[in-house]
Amino acid sequence: MRAVRIALAALIALHIAITAAFAFDQAILGESDRALAKYRADLDAATQVLRRPDLSDQDLLNLKADLEKIRTSSAERSIRVMAPLAEVTQQLNSLGPPPADGKNEDPAAAKTRAELTATRDRLQSLKSQFDLTALGAEQGSSAASTLQRDQFFARIFDRSRSILNPDLWYDAGLGITMLMSRLSLLLGTWWSQVSATANPLGLLLVPLIAMIGIIGYGILHRSVGNWLTRYSSRARPIDDMTRLWIILRALIVTFAALLILFIPIRFSLEASGYFSDDTPRIVMLWDSLRDFAFATLFYYVLGRRLAAPGRPDIRVVDMDDDAAVKFTWLVGLTAFVASFNTQLGRISEGLFLNLSYTLGQSALGALILLSLTAATLLVLRNQDGLPNPGGRRLYFRWASRLVPFAWLLIFIGFGALLLGNLALADYIAHQIVRTSMVLVVVFLIYHLLDATVAASFDPQSSFGIFLRRVTGLGERAIERMGLIFRTVVDLILVVAGIPLLLLLWTLTWVDLRGLVNTLALGIKIGDITILPGTIAVMAMILIVGVLATKLFNSWLDRRILSDTRINRGVQDSIIKGSSYAGYLLAAVFALTAAGVDFSSLALIAGALGLGIGLGLQPIINNFVSGLILLAERPIRVGDWVSLPEGEGIVRRINVRSTEIETFDACSIILPNSALVSEPVKNWTHNDDMGRFTIALTVDYESDAEVVRTLLLETARAHPKVLTHPAPAVVFAHFGKSGLDFELRAFVSDVLQGSQVASDIRFSLLKQLREKDVSIAQPVAVFQAAKP
């Protein structure tokens, strides 16, 4: 036996050794060592650079980008090590604990245990070192952000000359002269360099490429227009979606026209030899001209289409004609000044002009921008609004809530100019313009998509007709698709809009990318790491599980249960039980995919017991009661029940409660526990057969046998009255006004009892009159009053 045990232990050790050899790629250890050495070297180099006192803002941005790359790579390596570490740990656990002191272990098993232990320790060490490297990179990035923030505030709140100081404008004038001189020198030097080598014939490509772009745009525009016209039975009316689409279409056309203009020119200049690596400053001038044209024209077209001067029928803001004209010009001037000032500062920095000139330039730009912004607000305030809006929707009214905040920023900007905080004033002026433009564009897209969904709901609108003809969907499907689309659009705009605003005022692209990488690599809370990928997998498994359960229940109901003679209440119980089982399996699979260890059932049970004790007891009680209702079936869907709260038909037995519909079309929602613990009168528990009673009182002069025969014949004549049990007549008692009889009969469906009783009463009344049997009149009781 001892030999057999040794042989079995050797076989187990051999199996584990083979499994360990092929469980993961051993090359990952050497690869991880090399990557760790590289990341540490890069981190040390970045730390040395961070200690330099002369770092500029751009240097800090580049340094943060390098540190973020180190942090992300180290974190990814740490995650990659987790899988082989878990495999090796599982193999060690399968070996069991080592032998107690004094006992020998099989040599093969001992060797395997030692190798696995060494591999596990090495993997744990690598993971710890990768985590430390990622932490060091994160701390370095935080230190760089602190330096960048300190430099920003030092630059913003640096006091220089006030706009009331003549020296500021004198130096600015000298700077303009110097700027023109350096530009002239730069252009002359560039021309002397390229004139001998460049090929002017290459410039002929400009009109050729532009013509191709114009023709391509025309063909695309005509094709899309014809396609839309083919699926629309009439001209599109001027509705909300049309007005918003006119704005967006104008922006798209402007952007496309600028692309058609600038791309051929840039390509031709490079192909002809006018642009090259030896002319970086000329390329900088070209890029500044391009950005200036794009920003100015884009925002001017946006303001013009919003205000629509002379076209109140397509105007989307509450503005009269005079204000629309002024608003258009003010927006155009604001866009021109903001873009010109930004690009001029870029050119001045590239040409290494003195700081005194750039201060004057930024002060002048901030002064003009703040004045134009104030004038725009005054124009919007002192106007009568859109004449005869006709009940149509007007947009951007929410902007009125931001007007006090805008005035506060304007006053702060003017104060900063007077006090000499020119950088602060320039920052405020440009941020007001940029934030306003971003908000308008984002909400324009939002309103357009919302109006598109609203138009899709209307089958008489052009878009509604187009959507129904193209997709062939029904009304309900289009409503659901529109709601889903609207929800997705809201989420996308929130996810995209908030980062854009943060980028304008606080963050940089490096900070935003770091935040996204942090979320992608997981949020660590204690020993638990929450990974977005894991959450997405869990959500996908749950969605697939729920859909599969619904499909299975639908198949079960249509193909199997519907062909049986099982009571509908029993069928509903089967479907409910199947639903609960499917949802439970989907939840178990999702939690398993998330890495939840179900071996710790005691911990899960303890947490569940604590939750029940702290407040989940009513919910758990109702849930268990619902399971009892489905299992024992004291009541079923379709049963007629009577309760102190009322009586009606059971329509639905849910997880927590049961829905009962009364005969007045009112819904009673009862906790499941009340149906289990309280008495319930169920008229259709065993079967649907039920008894109804008709009371009749006739005069004392009437023949009792005649009345009895008449009641029985009338009941038996009705087709829905059962012959077994047979109808019966009971002489109840001698009443105060006559003889009291009761007709008792049965119907196969108790729900039809009231209608059958009504039919019999009509028939009885007719026959009683034909046989001169008088119905007794109630005896009035008079009480004497005291005098």
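Conventions used here
Residues numbered from 1 in each chain as written. Predicted model: local features only at pLDDT ≥ 70, side-chain atom pairs only at ≥ 80, totals over all residues. Heavy atoms only, no water. Helix = DSSP H or I, 4+ residues; strand = E, 2+ residues; numbered from the N terminus. Buried < 20%, exposed > 50% of the residue type's maximum accessible area, 1.4 Å probe, protein only. Contact = heavy atoms within 4.5 Å. Phe/Tyr/Trp six-rings, centres within 6.5 Å; stacked < 30°, edge-to-face > 60°. Axes fitted to C-alpha atoms, helices over the stretch in contact; angles between N-to-C directions. Parallel < 35°, antiparallel > 145°, perpendicular 65-115°, else oblique. Left-handed = near helix turned anticlockwise from the far one by under 90°. Nonpolar A, V, L, I, M, F, W, Y, C, P; charged D, E, K, R; others polar. Pairing = 2+ DSSP bridges. Expected span 1.5 Å × (residues − 1). Polar contact = N/O pair within 3.5 Å; in protein donor to acceptor, adjacent residues only side chain to side chain. pLDDT = per-residue confidence, 0-100. Salt bridge = Lys/Arg side-chain N within 4 Å of Asp/Glu carboxyl O. Patch = residues over 30% accessible without salt bridge, like charges linked within 9 Å, V, L, I, M, F, W, Y side chains within 5 Å. Areas by Shrake-Rupley, 256 points an atom, 1.4 Å probe, with all protein chains shown as cover.

A. Expanded view of the overall build of the protein chain. Along its length, the protein chain carries 21 helices and 10 strands. Looking at the protein chain as a whole, 37% of its 787 residues are labelled buried. Put simply, 73% of the contacts in the protein chain that link residues at least 6 apart link residues at least 24 apart.

B. Fine view of the packing of aromatic side chains. Applying the stated criterion across every chain yields a total of 16 aromatic pairs. Aromatic pair Phe255 and Phe294: ring centres 5.5 Å apart, planes at 70 degrees, arrangement edge-to-face. Linking Phe255 in helix 7 (residues 240-272) with Phe294 in helix 8 (residues 280-307), this pair joins segments that are 39 residues apart in sequence.

C. Quick peek at the packing of helix 3 (residues 57-95) against helix 4 (residues 107-156). The geometry of helix 3 relative to helix 4 is characterised by a closest axis approach of 7 Å and an angle of 160 degrees between their N-to-C directions. With respect to each other, helix 3 and helix 4 are oriented roughly antiparallel. Where helix 3 crosses over helix 4, the two elements pack in a sense that is left-handed. Residues of the contact of helix 3 with helix 4, tallied by class, amount to 20 nonpolar, 14 polar and nine charged.

D. A look at the pairing of strand 6 (residues 667-671). Here strand 6 shows a buried face lined by Ile668 and Leu670 and an unburied face lined by Ser667, Ile669 and Pro671. Both strand 5 (residues 657-662) and strand 6 contribute to a ladder of five bridges, which runs antiparallel. When the bridges of strand 6 are listed, Thr658 appears paired with Leu670. Hairpin connection between strand 5 and strand 6: a loop of four residues separates the two successive antiparallel strands, and Ala665 in this loop has a positive phi of roughly 65 degrees.

E. Fine view of helix 3. Compared with the 57 Å implied by 1.5 Å per residue over 39 residues, the 57 Å span of helix 3 between its first and last C-alpha is a close match. Directly beyond the C-terminal end of helix 3, a positive phi value near 85 degrees is found at Gly96.

F. Representation of the packing of helix 8 against helix 9 (residues 321-350). At a closest axis distance of 8 Å, the pairing of helix 8 and helix 9 adopts a crossing angle of 165 degrees. One element, helix 8, and the other, helix 9, form an angle in the roughly antiparallel class. For helix 8 against helix 9, the interelement crossing comes out right-handed. Partitioning the contact of helix 8 with helix 9 into residue classes produces 14 nonpolar, eight polar and five charged.

G. Focus on the side chain of Thr435. Within the secondary structure layout, Thr435 lies in helix 12 (residues 422-457). Reaching out from Thr435, the side chain makes a polar contact with the backbone oxygen of Gln431 at a distance of 2.7 Å.

H. A look at the side chain of Arg71. Relative to the assigned elements, Arg71 resides in helix 3. Residue classification places Arg71 among the buried residues on the basis of a relative accessible area of 9%. At a separation of 2.9 Å, a polar atom in the side chain of Arg71 contacts the side chain of Glu68.

I. Here's a closer look at the sheet that holds strand 10 (residues 739-747). The strand order across the open sheet built from three strands is 8-10-9, with neighbouring strands paired in antiparallel fashion. Here the strands that pair on one side only, and so sit at the sheet edges, are strand 8 (690-698) and strand 9 (728-734). Neighbour-to-neighbour, the strand axes of this sheet turn through a mean angle of 25 degrees, independent of strand direction. Where helix 20 (residues 704-717) meets the sheet, its contacts fall on strand 8, strand 9 and strand 10, and the angle it forms with strand 10 comes to roughly 20 degrees.

J. Structural detail: the confidence of the model for the protein chain. Per-residue confidence for the protein chain gives a mean pLDDT of 77, with 78% of residues at or over 70. Ranking the helices and strands of the protein chain by mean pLDDT puts helix 11 (residues 403-419) first, with 90, and helix 1 (residues 2-23) last, with 48. Every residue in residues 12-23 scores below 50 in pLDDT, and together they form 15 contacts with partners more than four places removed in sequence or on other chains.

K. Broad picture of the pattern of salt bridges. Applying the stated criterion across every chain yields a total of 16 salt bridges. For Arg71, the salt bridge goes to Glu68, with nearest N and O atoms at 2.9 Å. With Arg71 and Glu68 both in helix 3 and three residues apart, this pair spans about one turn of that helix. Residue Glu661 is joined to Arg651 by a salt bridge in which the shortest nitrogen-to-oxygen separation is 2.8 Å. On the criterion of sequence distance, the pair formed by Glu661 in strand 5 and Arg651 in strand 4 (residues 646-653) is long-range, its members being 10 residues apart. One salt-bridge network, in which partners are shared between bridges, spans Arg266, Asp287, Arg290, Asp291 and Arg346.

L. Summary view of the environment of Ala423. Along the polypeptide, Ala423 turns up in helix 12. A relative accessible area of 25% means that Ala423 is categorised as partly exposed. Leaving out residues up to four positions away in the same chain, Ala423 has contacts with Arg155 and Ile156.

M. Inspection of the environment of Ala307 at higher detail. Topologically, Ala307 is positioned in helix 8. On the accessibility criterion, Ala307 (0% relative accessible area) is buried. For the pair Ala307 and Thr328, spaced 21 residues apart in sequence, the C-alpha separation works out to 6.6 Å. Excluding its chain neighbours within four sequence positions, the residues that come into contact with Ala307 are Arg315, Val317, Met319, Ala324, Phe327 and Thr328.

N. Fine view of the sheet that holds strand 4. In spatial order, the strands read 6-5-4-3-7; together these five strands make up an open sheet with antiparallel pairing. Pairing within the sheet leaves two strands with one partner each, and these edge strands are strand 6 and strand 7 (681-682). Taken together, the five bridges between strand 4 and strand 5 define a ladder with antiparallel strand orientation. In the sheet register, Val650 faces strand 5, and the bridge partner there is Ile660.

O. A nonpolar patch on the surface, seen in detail. On the surface, Leu584, Leu585, Val588 and Phe589 cluster together into a nonpolar patch covering about 390 Å² of accessible area. Mapping Phe589 onto the fold places it in helix 17 (residues 568-593).

P. Broad picture of unusual backbone geometry. In the segment running from His724 into Pro725, the intervening peptide bond is cis, with an omega of 0 degrees. Looking at the secondary structure, you find Pro725 in the loop between helix 20 and strand 9. Phi at Ala308 takes a positive value of approximately 50 degrees, unusual for a residue other than glycine. Checked against the element boundaries, Ala308 lands in the loop between helix 8 and helix 9.

Q. The arrangement of the pairing of strand 3 (residues 640-643) in detail. Side chains Trp640 and Ser642 project from strand 3 onto one buried face, and the interleaved Val641 and Leu643 project onto a second face that is buried too. With four bridges joining them, strand 3 and strand 4 adopt antiparallel strand pairing. Pairing of Val641 across the sheet is with Gly648, part of strand 4. Once strand 3 ends, the chain turns through two residues before running back antiparallel as strand 4. Relative to strand 7, strand 3 runs antiparallel, the two being bridged by two bridges. When the bridges of strand 7 are listed, Ser642 appears paired with Lys681.

R. Fine view of the environment of Val317. Tracing the chain through its elements places Val317 in the loop between helix 8 and helix 9. Separated by 77 residues in sequence, Val317 and Leu394 place their C-alpha atoms 5.3 Å apart. Not counting chain neighbours up to four residues away, the residues in contact with Val317 comprise Leu306, Ala307, Leu386, Leu394, Tyr395 and Phe396.

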